[in-house]
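Given next are the chains, with one letter for each unit.
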Amino acid sequence: MPTARTAKTVAYVAATLVAVGGVGVGVAVELSHSASGRAAAASSVAALGGAPTGQPASSLTPSPVITPAVLRVPPLHKLTPPDVIVTMTRPASLRAVQRLRKRPGVRRVVLADRGSVALHGVRLHVLGVPLSTIRGFTPKLTATSTPLWTSVARGELTVGYAHSRRLRHRLGATYAADGYGGKVAPLRIGAFATIGLNGTQALLSEPAGRVLGLAPDRVALVAAPKVPIDALTGELHKAFGAKAHLDVTRATPVNQSISSSYATETIPAGYLSLYRRAAVTCPGLPWTVLAGIGTVETGNGRDVHKSTAGAEGPMQFLPSTWSMYGYDADGDGKANINDPTDAVFSAARYLCAAGAGRGGMSLDDAVFSYNHAWWYVREVITIANRYA
């Protein structure tokens with residue numbers, strides 16, 4: 001049976017957020033310093049794994065593709081995860097978009113630019129997004145990070161965790177980025193985060209994306225949670241044409257009762273029930289992923305300890321993160337970090353906020369946000385597959 005890797009792992013739930021003026025806790029993003037923070041850049045970049053290769057931390061500057069007048073970041077009003085992402089070979093018809101927005105049940109339609117950008121030998125599929133409307137389409141932990149969206153507003157690049165491996169020690173570095181049509185512009189890696197939009201590896205603001213030649217209005221993000229998928233896809237083909245590619249991203253129900261004999265033989269019955277019940281609170285999150293995390297962290301409660309980083313309880317939360325995501329699941333009037341019921345339900349709550357219910361690469365990114373190590377993600381998913 002897999003056991004907790006306590007000797008080799010510093011398990012934590014909050015990711016590191018380094019931004020201008022301080023550190024935020026419980027936000028699944030990592031950011032570099034802005035220009036106003038360059039005086040402290042050396043120590044801050046060191047805390048994120050060292051200065052970018054070949055470029056002193058003190059020399060880091062924002063991408064000069066946005067003017068200061070564009071630095072306003074609109075507030076987040078509501079989370080509206082997309083039900084379908086539409087990709088087109090031609091610009092979307094604005095008339096068709098306006099008609100679609102008036103359809104009953106269609107909550108939001110947002111257009112974005114599409115293309116790819118190469119920097120430091122890494123080519124990324126990028127969306128150029130409108131800051132006024134995009135935040136609510138991303139997972140909660142990303143959507144609520146104003147420092148992240150301020151970075152995007154400065155013309156900096158946000159890279160999805162799953163695609164940041166070759167750029168891991170280059171957070172804050174500025175490179176000559178190769179876009180479409182021979183367009184080249186300085187581009188700074190401003191953040192790593194969970195993006196949660198299928199097929200999107202990185203985000204830029206629309207103005208920055210157009211400097212690099214991203215194709216305008218080639219993607220439509222559509223939120224219509226109460227419209228049946230068949231009816232919605234029919235409407236989208238009418239609006240954008242039969243050749244438009246539709247990627248259904250609405251969370252699908254998961255049968256939480258399915259489990260292998262290995263799972264029932266190795267997971268204590270009480271924890272098995274908790275994992276199943278907690279996963280139901282996050283549509284699209286398999287109980288097996290919660291169980292994989294519980295297994296790696298404490299052997300499903302068999303080895304509850306306090307890590308060297310200060311993480312506590314059966315699901316190994318940092319107290320600072322627990323203060324934000326701890327949940328009184330058993331109704332005793334207190335969210336107890338050491339109580340299995342509270343801890344497992346709180347882990348589901350955190351993973352959901354990190355986009356785990358969206359499946360695919362978003363699930364990997366959510367597990368990565370739980371503990372920033374790719375070996376950890378691989379081990380959790382491997383165990384989850386054995387439990388299914």
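Side note on helix α13 (residues 374-387)
Stage number 1. Look at α13: 20 Å from first C-alpha to last across 14 residues, which is about the 20 Å you get at 1.5 Å a residue.
Stage number 2. Where α13 is buried, its residues touch α7 (261-266), α9 (287-298) and α12 (360-370).

Some thoughts on the environment of Gly359
Stage number 1. As for its placement among the helices and strands, Gly359 is situated in the loop between α11 (340-353) and α12.
Stage number 2. Classification of Gly359 as buried rests on a relative accessible area of 18%.
Stage number 3. Here the alpha-carbon distance between Gly359 and Gly196, two residues 163 residues apart in the chain, equals 8.8 Å.

Quick notes on the nonpolar core
Nonpolar side chains in soluble globular proteins generally cluster together in the buried interior.
Stage number 1. In this structure, Leu290 and Met315 are the most contacted members of the largest nonpolar core, which totals 70 residues.
Stage number 2. Each residue touching Leu290, except ones within four places of it in the same chain, is listed here: Tyr275, Ala278, Ala279, Leu285, Met315, Val344, Ala347, Ala348 and Leu351.

So, the pairing of strand β11 (residues 215-223)
Stage number 1. Across the nine residues of β11, eight count as buried, placing the element largely inside the fold.
Stage number 2. Bridge count for strand β4 (residues 84-87) against β11 is four bridges, and the pairing is antiparallel. The residue bridging Thr87 from the neighbouring strand is Val219, located in β11.
Stage number 3. The pairing of strand β5 (residues 108-119) with β11 spans six bridges and is antiparallel. Looking at β11, one finds that Leu111 is bridged to Ala220.

Describing the pattern of salt bridges
Stage number 1. With the rule as written, the count across this model stands at seven salt bridges.
Stage number 2. Residue Arg250 is joined to Asp83 by a salt bridge in which the shortest nitrogen-to-oxygen separation is 2.8 Å. Placement of the pair is Arg250 in the loop between β12 (245-248) and α7 and Asp83 in the loop between α1 (41-47) and β4, with a sequence separation of 167 residues.

Digging into the packing of aromatic side chains
Stage number 1. Under the defined criterion, the tally for this structure stands at ten aromatic pairs.
Stage number 2. Between Phe317 and Trp322 the ring centres are 5.1 Å apart and the planes differ by 75°, which places this aromatic pair in the edge-to-face class. For the pair shown, Phe317 and Trp322 are each scored as buried.
Stage number 3. With centroids separated by 6.1 Å and ring planes inclined at 85°, the aromatic side chains of Tyr350 and Tyr370 adopt a geometry described as edge-to-face. One end of the pair, Tyr350, is in helix α11; the other, Tyr370, is in helix α12, with 20 residues separating them in the sequence. Tyr370 matches Tyr350 in its accessibility class, with the two residues each being buried.
Stage number 4. Three or more aromatic residues joined by ring pairs form one cluster here, namely Phe317, Trp322, Tyr325, Tyr350 and Tyr370.

Rules of the game
Residues numbered from 1 in each chain as written. Predicted model: local features only at pLDDT ≥ 70, side-chain atom pairs only at ≥ 80, totals over all residues. Heavy atoms only, no water. Helix = DSSP H or I, 4+ residues; strand = E, 2+ residues; numbered from the N terminus. Expected span 1.5 Å × (residues − 1). Contact = heavy atoms within 4.5 Å. Buried < 20%, exposed > 50% of the residue type's maximum accessible area, 1.4 Å probe, protein only. Core = buried A, V, L, I, M, F, W, Y, C linked by side-chain atoms within 4.5 Å. Pairing = 2+ DSSP bridges. Salt bridge = Lys/Arg side-chain N within 4 Å of Asp/Glu carboxyl O. Phe/Tyr/Trp six-rings, centres within 6.5 Å; stacked < 30°, edge-to-face > 60°.

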